[in-house]
Each structure stands twice: as C-alpha cells, then as structure tokens.
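# Structural overview for review
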Amino acid sequence: MTWLVDLDEHAASRAVVRALRAADPRTEVVRAPRAEPSGLVLCSRESAALDELLSATAGAGWHVIVVAVEKGLEPWSVLARGAADVLTWDGDPEAVLARVARAREVDELVRAPQVSATLRGSSPALAAALRDLVTAARFARGPILILGETGTGKELAARVAHRMESGSGPLVVVDCTTVVPSLSGSELFGHEKGAFTGAVNVRIGACAAANGGTLMLDEVGELPLELQSELLRVVQEGTYKRVGSDTWHTTRFRLVCATNRDLAEEVRAGRFRADLYHRIAASTVRMPPLRDRPEDVVPLFTAFVAEAEGRREPVRLTSWVERAVRARAYPGNLRDLRQLAQRVAARHVGPGPVTPGDLPPADRPDRAGPAVSAEPDEDRDLGTLLARVVRVHLAAGTNLRDLRERVAEVALDAALSEAGGNVRAAAVRLGVTDRALHHRLAEARKRTAVS
C-alpha cells in the first residue's frame, strides 16, 4: 500500500490521484501519513500544512516524496524541511510510483536483519545514513566512501555494504594505519619470494584476496602518498603488480573506504591525491555521531550491558541511571558507549535494574540533576507529576497560553541540554525541523528580551 496525502483537494490534484490509483490500485488517499515510512504528498504551493506534515515525518525518519501538482513549488526549501524528493507532475504516474517502489525497497532492506542487526538504532539520523548506504551498495557498483568520527560504526557500515552485494565473495579489511611505506605496498598488492629481507614466501596481498568480493580500506586518509598512485591504478583498471614482480595481475572488487579525516582538506593540503579522492568518493555516506542519535543512546546502552553480561534481553535502568547515560558525552561514540556498558556490567549484579552505584565513580555525573523529590521513585507516574506542576502554576495565576509557552520553553532547554547544544539533535528529539526549532528559539529570546 502506498499512502498519499492530498493537501490541495482541488480538481487538478484529484485528477492526479485518479491517475495514480489507476496505475496502482493499492494507492490509498489518507488524511495523515500511515505507519509505512514511504509515501506521497500532493501540493501546489508551500503551506503551513506542508511544513507540519514534513516536520512530523522527518522527526520520525520517514521518506516522503512531494509531488508538485503545478509548476512553481521551489524544491530546495522543501527538501531542507525534510522531504526526500520533489517531483513535478507531468502526467506519468509510473515515474512517481517507481520512486515510491524504490523507497519501499530501500526501507525493507534497512529493516532486514542483515542491516538492523549490524547497525542498531531507530533514530532518524541513522535511518537517513542507512538509506544512503543501502542505496549506494545495492543499486550502484562504484566505490563507497564512508565518513564519520571515530567510533561511529564505519567498519560495521562497510560490512553492511558488503552484504548488499549479490555475490558471495570475501570481505577483506585493511587498516591503513598499519601499512608500512618501506614495504612498498606488500599489504595491498602482495610480494614475491625474496622481494625484500624477510620475504621468505609469496604473499598474494589484499587486492587479490578481495577478488570477487569487497575490499575495505579503513582510515584510508592514512595511506602513504607513494601507495596512493598504485591504488588508483587498481581502482581504475583492476590491475596491479606484486612487490618484486613485473607481472600484471587482475582483480575485481567493490572498494569501500572509511576515514575520520576531512579528505577534501587533505587534498588541499597535498596529503591526499585529488584523482584518487574523486575515484573513491563515487558515493559518500556519513555515519552520524552519537550526539545526533539521542533516541538510540539508552537502547544501545542496555543492549551493550546485556551482551557484556551474557544476557539475551536488555537490562533495565533506574531513572537516575537513565538520565546520567543520556546526559553523558560520548567523544568515542559507539565505542565509548560500549566501553561504559562493559564497565557497568562488571559491577552490576542480579536480575534487577542497573542502579547508580553500578556506574563507576569516574562515570558519574559531576552533580545531581534537578531533584523532583528527596526520594526519587523510578516508577513515578509522570502524568501525576506533571499534573502537580500544572496545579502549582494554575494556583499562581498562570493561564493556559502562558503555561503552554512555558512548557515549550522548558522542553527546548531540556532537549538542547541533553543534545549538548546541538540544534539538529535537539530538533530530532522534539520531533520538529531545524527551522522550526530555530524559530522557536528566536521567539523565546524575544520574550526574554521584552520581559
């Protein structure tokens, strides 16, 4: 089923609906997007209704294609607000439905165990990265460049890309930080017996080992300049020579490179070849840091603790521990979170939840969070607690409008605090667009200035 929201509901848009339903009877016109994460929106102009719909779907990580019923809809601002694509209706329903079918296929692949069990999480930031990764790996044959900070799961992403291949060739991983220039590329290209001191046997090298499969070059930004030209030949022509040999060998593999460096800056500084950079960056995927995935922190942490303890199900956390885990910075991203989970697992005992004492002293918050009561109860009914706060404000004479604004300001402050000041991450947490959050922040500053 393809859901379709018609924001215009006039003669022109109804004609488009009829054409789409005639081409695919499974197309269902709805008032609001359904649970299926890919769908269509018909409109002829930008509007508050379009902004609201895109804000909700972008916050959920959905893939929404906007179809402009009439010419004049400016696509770039619509894309910036969360749309996946903007098409202009030209009378061909198949062109539109093909985009929806591709989006649905990508969504199914992202949810498949071969992806979801390797790169876990449900945040919109991760979903967007996985869509890019799956699209590049399944529907193209060129090299893939995976960018991201340390610990964001770049090698895991390479493994996912490899699994998207229809063949069953090997995955060969080379850590470029260990490639020694003095050995002139033996790690990549292999060597003949006696090619240099210590070469007592023939070595085939990573390029030969990856034939028919995938070669991942981890931290490719560390590859010595003298080897980059030789790698370029392999990428372009599929040929190479072993060290100490004049014989050309051929190989065919999918190249996946990963780095935490800014390769464009490395090119400008002369530390990385421009021609190689443009070859390996045929498709680029950026893995999001953990601070842009606030929804994933606690579920990943509980799963990591359970894994470290040998449990099948995630452990539970007390409210104090959950807040501490959410508020903590993770400069090492997933690697940092996993190491914290392992330290906690070493202290946690029994079937009960993880308690504050299970956090090692060095991992505890510098100060306690805002206390609601002297004896916090992790099972407190949050609805009751909120009702108490509302009653206090009502008793003080606060009206509904002011109360609504105050709650919104508190939510903004809390989201920004938990996201470390990152507006994008806070917007994702609140389920609004970056633009909407900037607007709310500006309005809050105006009210503060007036008061």
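Preceding this section is the structure that the text describes.
This section reports on the structure supplied with the text.

Procedures and definitions
- Residues numbered from 1 in each chain as written.
- Predicted model: local features only at pLDDT ≥ 70, side-chain atom pairs only at ≥ 80, totals over all residues.
- Heavy atoms only, no water.
- Buried < 20%, exposed > 50% of the residue type's maximum accessible area, 1.4 Å probe, protein only.
- Helix = DSSP H or I, 4+ residues; strand = E, 2+ residues; numbered from the N terminus.
- Pairing = 2+ DSSP bridges.
- Axes fitted to C-alpha atoms, helices over the stretch in contact; angles between N-to-C directions.
- Contact = heavy atoms within 4.5 Å.
- Polar contact = N/O pair within 3.5 Å; in protein donor to acceptor, adjacent residues only side chain to side chain.
- Salt bridge = Lys/Arg side-chain N within 4 Å of Asp/Glu carboxyl O.
- Parallel < 35°, antiparallel > 145°, perpendicular 65-115°, else oblique.
- Nonpolar A, V, L, I, M, F, W, Y, C, P; charged D, E, K, R; others polar.

### Focus: the pairing of strand β7 (residues 171-175)
Of the two faces of β7, the one holding V172 and V174 is buried and the one holding L171, V173 and D175 is not buried anywhere. Across five bridges, the pairing between β7 and strand β8 (residues 214-218) is parallel. Looking across to β8, one finds that D175 is bridged to D218.

### Side note on unusual backbone geometry
Although it is not a glycine, E9 sits at a positive phi angle of roughly 55 degrees. In this structure, E9 sits in the loop between β1 (2-6) and α1 (11-23). You can call E9 partly exposed: its relative accessible area is 43%. A positive phi angle, near 55 degrees, is found at E219, a position not held by glycine. By the secondary structure assignment, E219 is in the loop between β8 and α10 (225-237). Using a relative accessible area of 14% as the deciding quantity, one classes E219 as buried.

### Points about the sheet that holds strand β2 (residues 27-29)
Judged by pairing direction, the sheet is parallel, and its five strands sit side by side in the order β2-β1-β3-β4-β5 without closing on themselves. At either margin of the open sheet sits one strand with a lone partner, and together these are β2 and β5 (85-88). Ignoring which end each strand starts from, the neighbouring axes of this sheet average 25 degrees apart. Sheet topology places β1 next to strand β3 (residues 38-43); four bridges connect them, and they run parallel. For L4, the partnering residue across the bridge sits in β3 and is L40. Against the sheet, α1 makes contact with β1, β2 and β3, and its axis sits at roughly 170 degrees relative to β1, the strand it touches most.

### Examining the environment of R45
Positionally, R45 belongs in the loop between β3 and α2 (48-59). Linking R45 and L7, residues 38 residues apart in sequence, is a C-alpha distance of 9.4 Å. Those residues in contact with R45 that lie beyond four places of it in its chain are D8, L50 and L73. Side-chain polar atoms of R45 contact the side chain of S44, separated by 3.5 Å.

### So, the pattern of salt bridges
Scanning the entire structure with this criterion turns up 23 salt bridges. Across the pair E9 and R31 runs a salt bridge whose closest N-O atoms are separated by 2.7 Å. On the criterion of sequence distance, the pair formed by E9 in the loop between β1 and α1 and R31 in the loop between β2 and β3 is long-range, its members being 22 residues apart. Residue E266 is joined to R271 by a salt bridge in which the shortest nitrogen-to-oxygen separation is 3.0 Å. R271 gets classed as partly exposed once you look at its relative accessible area, which sits at 43%.

### So, the packing of helix α4 (residues 93-111) against helix α6 (residues 124-139)
One way to put it is that α4 packs onto α6 with a least axis distance of 9 Å and a crossing angle of 105 degrees. Viewed along their axes, α4 and α6 adopt a mutual orientation that is roughly perpendicular. Seen from α4, the contacting residues are R102, E105, V106, D107, L109 and V110; seen from α6, they are L130, R131, V134, T135, R138 and F139. For the contact of α4 with α6, the class distribution of residues is six nonpolar, one polar and five charged.

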